[in-house]
Amino acid sequence: MQIVDRWLCRIEQVAMFLVAVALFSMMMITVVDVVLRYAFNAPFSWSYDVIGNYLLVILFFLALSYTLREQGHIALDLVVRKIASVRARAALALIGDVLALAFFVGILYEGAVTTRSDWVNHYLLPGVVPLPTWLAHVFVPIGCGIIALRILHQLLLHAASLATGRAGVGVFPDSDSAAHD
Amino acid sequence: MLVISIVLLLILFLVIGMPVGFAIGCAGAIGLYAVGGIPMLLSILNTTPFSTAAHYELMTIPMFILMAEFIVVSGVADELFDTVNAWVASIRGGLGISTVITGAAFGAVCGSSAASAATLSSTAIPQMVKHGYEKKLASGLTAIVGTLAVMIPPSNGLVIYGIIGDVDLGKLLVAGFFPGILGALTLTIALRYLLWRNPARGGGTAANRVPMREKMRLLKGIWPMLVLFILVTGVLYLGVATPTEAASMGAFGAFVLALVRRKLDAARIYRALTRTARTSTMITMIIIGALIFGYFLTITETTQNIVGGIGALHSPRWVILTLIICVYIVLGCFLDQVAILVLTVPITLPIITALHYDPVWFGIIVTLTSEIGLVTPPFGLNAFIVSKTTDTPVEQVFAGVTPFFLAMAVLLVILAAFPELVLWIPNSMPH
């Protein structure tokens, strides 16, 4: 299981590098765009399309799994933390895992279908620069695929914890990092 | 019946500790499946997550968060408390008043109430306690001062309200400024009152009078914050840039500031970016989940029934407004602000506009209730942050907050009764 976790972490690391690049780029593109508009009356024609359809999509979908791992998705764990029995907590966590897994697999499936149809039909953005739409939609199945694997990993740990009655490392949310900013 | 079961299911998912965004999304998805089967569910799952993530104006949110990250790294706010304190030190209750002003000034460049509360907890509370303030009072004050950042632009709560309710973002953000200042004033008055009623609770001043030259020197250290404030709020007021652009320039300004102050290296920039991505992804996930749930409410005609039902009441409009505000305060005790906004604004805003209230003003009212929600038990996030950073039992923080909470409730009534107090600045905008 630790090998799986290590591989997932590596994938998430690559994804987060792309996310950081996307985030920094959208800031720079927008600032340069404003400067060009006021100084030279010649803004980029493509910034709106590129930021909306690509950079923001990368930001959300590729950061999904990392955010889950870092417990960045806030949860109300006050009640669960009061439960002393490891088995009971594992059982409740399992319910959440199964639901979340089904949810993201659903989005993954739909994202894959859309990406494929974009690819086959050579759909282009209606904007000034005709960019392919599959290149935007493809991040939906990629991001959901990573988080689905992350949830599956979590699910197996919870199942093991339910079977053995022992809490393994990283099985339950660490209450200290629950606060977000 | 179906709607009630799904709402109960949502509460169950939240209680078993599912992340808020997942819980709302899954409950909504189950509801959609119950109404329209797999085809309806899949068509929503096809469009909503992508179109929400790809919503251009939502970029304002990561930019505001990034701005806050860079400001914290730059350390420019570290000297803020000392600077303010040097100017008001000789007034009775000076340290407490400094805390309030610092919180408001921090809020003017940083939209994160959590960052504000954490920064103030580590700087202001030790100073106050050292100079004889009761710890309960000091921690309660700090917890609620942190929430001023929610209202004073940059403010992500207002951005989400504006996007969901299709209200002018620039006007909304500018509108948050004056009520934020009124909030600071309210807390100052409440503090002075408490210290006057019971001088034993504190009020000592930090030091002797600070010489004028030292005051000016300290002031020089914080001028970049003023520039950043103008870069965002000033630009929005003048309408020379869109909110998205103003937010990006704010983030860029904070980035340059941290760079000039030699507080940035590649690792720190990367850390600021990933932390921003984490928070912004969490927010987007909640928005997506709540939108899916919202479709379920719309398809089952729940939204329309609630709006129509309230319209048919024929009660005076202030009664309905009071009811809505009470619902927001109760929800704020239990649910995250983003989720509350996305779930309720599609229902409440049509009611409010039908009653001829102003949507910008209503956004400020809702934001004030969410400020209050950050310090009320059982889930008041800011109270927990102060409790953790200062090692004070959270019950004590909640107790210390109570009088300030009541003062903010009075402000809420005043703003609800006099919309002009909120609207005079946005209505004077050149565009």
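Computed from a predicted structure; not experimentally measured. (Residues numbered from 1 in each chain as written. Chains lettered and ligands numbered in written order. Predicted model: local features only at pLDDT ≥ 70, side-chain atom pairs only at ≥ 80, totals over all residues. Heavy atoms only, no water.)

Student: Any details on the overall build of chain B? Residues and values, ideally.
Tutor: Check the secondary structure of chain B and you find 22 helices and 0 strands. Over its C-alpha trace chain B gives a radius of gyration of 22 Å, about what one expects of a compact globule, namely 22 Å for 431 residues. Its C-alpha atoms give chain B principal-axis dimensions of about 70 × 50 × 45 Å. When the 431 residues of chain B are sorted by exposure, 60% land in the buried category. Looking at chain B alone, contacts between residues at least 24 apart form 79% of all its contacts between residues at least 6 apart. Put simply, chain B has 22 plus and 18 minus side-chain charges, and the middle of one group is 14 Å from the middle of the other. (Helix = DSSP H or I, 4+ residues; strand = E, 2+ residues; numbered from the N terminus. Rg over C-alpha atoms; globule rule 2.2 N^0.38 Å. Buried < 20%, exposed > 50% of the residue type's maximum accessible area, 1.4 Å probe, protein only. Contact = heavy atoms within 4.5 Å. Lys, Arg positive; Asp, Glu negative; His and termini not counted. Charge placed at Lys NZ, Arg CZ, Asp CG, Glu CD.)

Student: So what about the interface of chain A and chain B? Which residues, and what values?
Tutor: The interface of chain A with chain B comprises 58 residues on the first partner and 60 residues on the second. Between chain A and chain B, the buried area comes to about 5,300 Å², and carbon and sulfur atoms account for 77% of it. In this structure, R278 of chain B engages E70 of chain A in a salt bridge whose closest nitrogen and oxygen atoms are separated by 3.6 Å. The interface formed by chain A and chain B holds 7 residue pairs in polar contact (both at pLDDT 80 or more) in total. Elements with a contribution of two residues or more to the side of chain A that touches chain B: α1 (2-40), α2 (47-69), α3 (78-81), α4 (86-121), α5 (134-137) and α6 (139-164) of chain A. Residue contributions to the side of chain A that touches chain B peak at 15 residues, all from α1 of chain A. (Buried area = accessible area lost by both parts, 1.4 Å probe. Salt bridge = Lys/Arg side-chain N within 4 Å of Asp/Glu carboxyl O. Polar contact = N/O pair within 3.5 Å; in protein donor to acceptor, adjacent residues only side chain to side chain.)

Student: Help me get a handle on empty space enclosed by the protein, residues and values and all.
Tutor: Under the counting rule described, the total for this entry stands at 4 cavities of 30 Å³ or more. If you list the elements that add at least two residues to the lining of the largest cavity, you get α2 of chain A together with α2 (20-53), α3 (60-74) and α15 (266-299) of chain B. With 3 residues, α2 of chain A is the largest single contributor of residues to the lining of the largest cavity. Put simply, the second largest cavity is a space of about 50 Å³. For the lining of the second largest cavity, the secondary-structure elements that each account for two or more residues are α4 (80-88), α5 (94-107) and α6 (113-130) of chain B. Broken down by element, the lining of the second largest cavity gets its largest block of residues, 3 residues, from α6 of chain B. Looking at the lining of the second largest cavity residue by residue, the classes come out as 5 nonpolar, 3 polar and 1 charged. (1 Å grid on protein atoms, 1.4 Å probe; cavity = no way out; pocket = protein on both sides within 12 Å on 5 of 7 lines; lining within 4 Å. Points joined across faces, edges and corners; volume = space filled by probe spheres on them. Nonpolar A, V, L, I, M, F, W, Y, C, P; charged D, E, K, R; others polar.)

Student: Can you tell me about the environment of F293 of chain B, naming the residues and giving the values?
Tutor: All names here are of chain B. Residue placement: F293 occurs in helix α15. Separated by 261 residues in sequence, F293 and L32 place their C-alpha atoms 8.2 Å apart. Not counting residues up to four positions away in its chain, the partners in contact with F293 are I6, V7, L10, I24, A27, G28 and L343.

Student: Describe in detail unusual backbone geometry, supporting the description with residues and values.
Tutor: Residue and element names in this part refer to chain B. Of note, the amide linkage connecting P153 to P154 takes the cis form, showing an omega dihedral of 0 degrees. Of note in this structure, R262 is not a glycine but carries a positive phi near 55 degrees. With a phi close to 60 degrees, D391 is a non-glycine residue in the positive phi region. Along the polypeptide, D391 turns up in the loop between α20 (381-390) and α21 (394-417). Given a relative accessible area of 70%, D391 falls into the exposed group.

Student: Residues and numbers for the side chain of T133 of chain A, please.
Tutor: All names here are of chain A. As for its position among the elements, T133 is in the loop between α4 and α5. Within the local environment of T133, its side chain forms a polar contact with the side chain of D118, the two groups lying 3.2 Å apart. Dropping the residues within four chain positions of it, T133 is found in contact with Y54, D118, Y123, L124 and L125.

Student: So, the side chain of S370 of chain B: which residues are in play, and what are the values?
Tutor: With respect to the helices and strands, S370 of chain B occurs in helix α19 (residues 359-373). Residues contacting S370 of chain B, with those up to four places away along its chain left out, are V150 and Q337 of chain B.

Student: Quick rundown of the pattern of salt bridges? Include the residues and the values.
Tutor: Using the criterion set out here, one finds 10 salt bridges over all chains in the structure. Sharing partners across several salt bridges, the network here consists of D5, E12, R69, E70 and R150 of chain A together with R278 of chain B.

Student: Which residues make up the packing of aromatic side chains, and what values do they have?
Tutor: For the structure shown, the criterion picks out 18 aromatic pairs over all chains. Where F104 of chain A meets F22 of chain B, the ring centres are 5.2 Å apart and the plane angle is 75 degrees; that geometry is what we call edge-to-face. In this pair, F104 of chain A is assigned in helix α4 and F22 of chain B in helix α2, connecting two distinct chains. Judged on exposure class, the residue F104 of chain A and its partner F22 of chain B are both buried. (Phe/Tyr/Trp six-rings, centres within 6.5 Å; stacked < 30°, edge-to-face > 60°.)

Student: Just give me the short version of the state of the cysteines, but keep the residues and values in it.
Tutor: Taken as a whole and assessed by the stated rule, the structure comprises 0 disulfides over all chains. As a non-bridged cysteine, C9 of chain A has C144 of chain A as the owner of its nearest cysteine sulfur, 19 Å distant. No disulfide involves C333 of chain B; its nearest neighbouring cysteine sulfur is the one of C326 of chain B, lying 11 Å away. Its relative accessible area of 15% is what places C333 of chain B among the buried residues. (Disulfide = S-S within 2.5 Å.)

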